[in-house]
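The residues making up each chain are set out below.
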Amino acid sequence: MRQALIVTAAIPAAVIFFVLATLPPRPRTVTASDPEIARRTVAGAYHVHTLRSDGSGDRAAVAAAAARAGLRFVIVTDHGDATRQPEAPAYIGGVLCLDGVEVSTSGGHYVALGLKASPYPLGGEAAAVIEDVARLGGFGIAAHPDSARPELAWGAWQAPFDGIEWINADSEWRNETRARLARVLLAYPFRPAAALASILDRPVNTIERWDALTRTRPVLAIAGDDAHGGVGRSAEYRGTTTRPFWTPGIPSYEASFRTFSTNVVLPRPLTGDAAADAAALLDAVRRGAVFTAVNALATPAVLDVRATRGSTTVTMGETLTPGPVTIVASASGPPGARMVLLHDGAEVAAASGGALRAEVAEASGAYRIEVHVPGAPGSPPVPWLFGNPVYFLPPPSAPVVPAMAEAVPLPADISWHVEKDRGSTASIVPGQSEVDFFYKLRGPGRGSQYAAAVADLQGRTLSGGAIALTVTAVRPARLSLQLRYRRDGGARWGRSFYVDATPREVRIPLASLLPADRQSGPAPPLARATSLILVADLTNALPGAANTIRISNAGLVP
């Protein structure tokens, strides 16, 4: 019995000894390389969820955790459709809190920053959401682009998004084995941030995609904390028996914030005026004056990158025309740090320590800095500092507007009618050369409400390369233009478009139509289409929404 008790006591003691002996190291403290740059560099957290969506704490709790982690700002990005008025910037416990929104699209999640409330829900096609965010004065970032969960991964790589999360904390744990996560969980009570950092590695595929994009246009790279303060109230697992490996409260907001940070280099230090500071910070993020620091490895982080040609000097996120340039970079760093200059993703120069200088005879594309430190986790290892590029791109040329063929009007005897769900109202009022479509979706609850103006094409032999029509609306809206094929099971293909009180011609190439149902592949030939439909539904409208749409000059472009 005594021997059994000794053995029983020895096992947990051995486990504890093993855990303590194999703990990841504490972060190293470094000296700022440039005090002036350090004063203008503010560390913060981007991509954070609160109780307003699927986080475990409110904004005050998030700000308190950020303050304990030594951060100066937090960008909250709760899930939503952007119809809610963003909360005004505020200093809470000394931390500047900004409000963004994470929008679900058919191509992945898009985090929108700096926009005002939308007059209709954002959602549906990724390109449409990107267009709407820009129209509303904001900019956006493709979230967790290469997540192990297909429904979270970004798929709209041809769309003109403004930025990308080069690393995302949620994605990092999803691609680990349970055995590896078990070791993290054992180490977490002793060194939370170091334990979380131990599962980081270099996301090669994401970085390669981003590097390819930056050869031709500026694209922001930023680190997504994707912090929920633990499992919280995540809709991802609500009502199921499946749970992530983390237990409730792990990782905490503070642990997430201590793992890595988003560092913004401002033109001048923060002033304490929340509105002014928020505007300056978002402007710097939008420009790409941002670098990531893995604080669990070393802290504090300072990175300064300058490209000079004659009397002109630009920094991270800024653009010069192609040509000769001198690139100078400096960074704080622990012993053994190695600074690397990359051109379009390929290493072109390196230096030990915290300074690098490179003379480039003919710079083009994107040049950026990474700093690597010994003992960094991952295979390949995660960079300690990860900067945005300086760009060398030709001046933008004037857009070439192709000559547009005249649209051939739809046959005059094609009739319009409405389709809708029970409870919604809709009507069609034909005019001499136009059709007025009125709708009001049933409210107040959600129940697959829709209303549609339908042109019956049954029996027509039509051809063309694009659908054209002129549309106005009493209220700003986004509608879906669709073709329905009853002989193909009623399947529909379509694209959405924006409409307001300004008359605008909408031209949608048939080759660009996307499946509106569960089918895949390109749309069947136009000759087989049985209906042309303009749809208002809950993708881009709220229950109870009403509008009047005027449709004229409907036709087909050869």
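Below: a short report on this structure. (Residues numbered from 1 in each chain as written. Predicted model: local features only at pLDDT ≥ 70, side-chain atom pairs only at ≥ 80, totals over all residues. Heavy atoms only, no water.)

Inspection of every chain in the model, using the stated rule, returns ten aromatic pairs. When the centroid spacing of 5.6 Å and the interplanar angle of 40° are considered together, the rings of Trp210 and Phe386 count as tilted. Taken as a pair, Trp210 in helix α8 (residues 204-214) and Phe386 in strand β21 (residues 385-387) lie far apart in primary sequence, 176 residues in all. Residues Trp210 and Phe386 agree in their burial class; the two are buried. Feature note: the residues Tyr110, Trp154, Trp157 and Phe161 constitute an aromatic cluster, connected by ring pairs. Positioned above the aromatic ring of Tyr498, the side-chain terminus of Arg135 is 3.5 Å from the ring centre. Over the face of the ring belonging to Phe161 we find Arg217, whose NZ or CZ atom lies 5.4 Å from the ring centre. (Phe/Tyr/Trp six-rings, centres within 6.5 Å; stacked < 30°, edge-to-face > 60°. Helix = DSSP H or I, 4+ residues; strand = E, 2+ residues; numbered from the N terminus. Buried < 20%, exposed > 50% of the residue type's maximum accessible area, 1.4 Å probe, protein only. Lys NZ or Arg CZ within 6 Å of the ring centre and 35° of its normal.)

Let us now look at unusual backbone geometry. Of note, the amide linkage connecting Thr299 to Pro300 takes the cis form, showing an omega dihedral of -5°. Take Pro300: it is sitting in the loop between β12 (298-299) and β13 (303-309). For the peptide bond that leads from Ser379 to Pro380, omega is 0°, which places it in the cis range. Its location among the elements puts Pro380 in the loop between β20 (365-372) and β21. The phi dihedral of Asp226 is positive, around 45°, even though this residue is not glycine. Of note, Asn553 is a non-glycine position whose phi angle comes to about 55°, a positive value. Tracing the backbone through its elements, the reader meets Asn553 in strand β34 (residues 546-557).

Read from one edge of the open sheet, four strands run β14-β13-β16-β19, paired in antiparallel fashion. Either end of the sheet is taken by a strand with one partner, and the two such strands are β14 (312-315) and β19 (355-363). Sheet twist, expressed as the mean angle between neighbouring strand axes with direction ignored, is 20°. Sheet topology places β13 next to β14; four bridges connect them, and they run antiparallel. Bridged to Arg306 within β14 is Thr315. (Pairing = 2+ DSSP bridges. Axes fitted to C-alpha atoms, helices over the stretch in contact; angles between N-to-C directions.)

So, about the sheet that holds strand β32 (residues 514-515). Each strand in a sheet pairs with its neighbour through backbone hydrogen bonds, running either in the same direction (parallel) or in the opposite one (antiparallel). The strand order β24-β27-β33-β29-β30-β32 describes an open sheet built from six strands, whose pairing is antiparallel. One side of each edge strand has no neighbouring strand; the edge strands of this open sheet are β24 (416-420) and β32. Packed onto the sheet, helix α4 (residues 126-135) meets β29 (477-485) and β30 (491-499) and runs at close to 5° relative to β30. (Contact = heavy atoms within 4.5 Å.)

All right, on to the environment of Arg446 then. Residue placement: Arg446 occurs in the loop between β26 (434-440) and β27 (450-456). Look at Arg446 and you get exposed, because its relative accessible area is 57%. Between the C-alpha atom of Arg446 and that of Leu542, which follows or precedes it by 96 residues, the distance is 8.2 Å. With sequence-adjacent residues up to four places away left out, Arg446 is seen in contact with Leu538 and Pro543. At 3.5 Å, the side chain of Arg446 and the backbone oxygen of Leu538 are in polar contact. (Polar contact = N/O pair within 3.5 Å; in protein donor to acceptor, adjacent residues only side chain to side chain.)

What follows is about the side chain of Asn388. Within the secondary structure, Asn388 is located in the loop between β21 and β22 (390-392). A polar atom in the side chain of Asn388 sits 2.9 Å from the backbone nitrogen of Ala221. Among the polar contacts listed, one links the side chain of Asn388 to the backbone oxygen of Val290, at a separation of 2.9 Å. Sequence-distant contacts of Asn388, defined by excluding residues within four places in its chain, comprise Trp210, Val219, Leu220, Ala221, Gly288, Val290, Met316 and Arg368.

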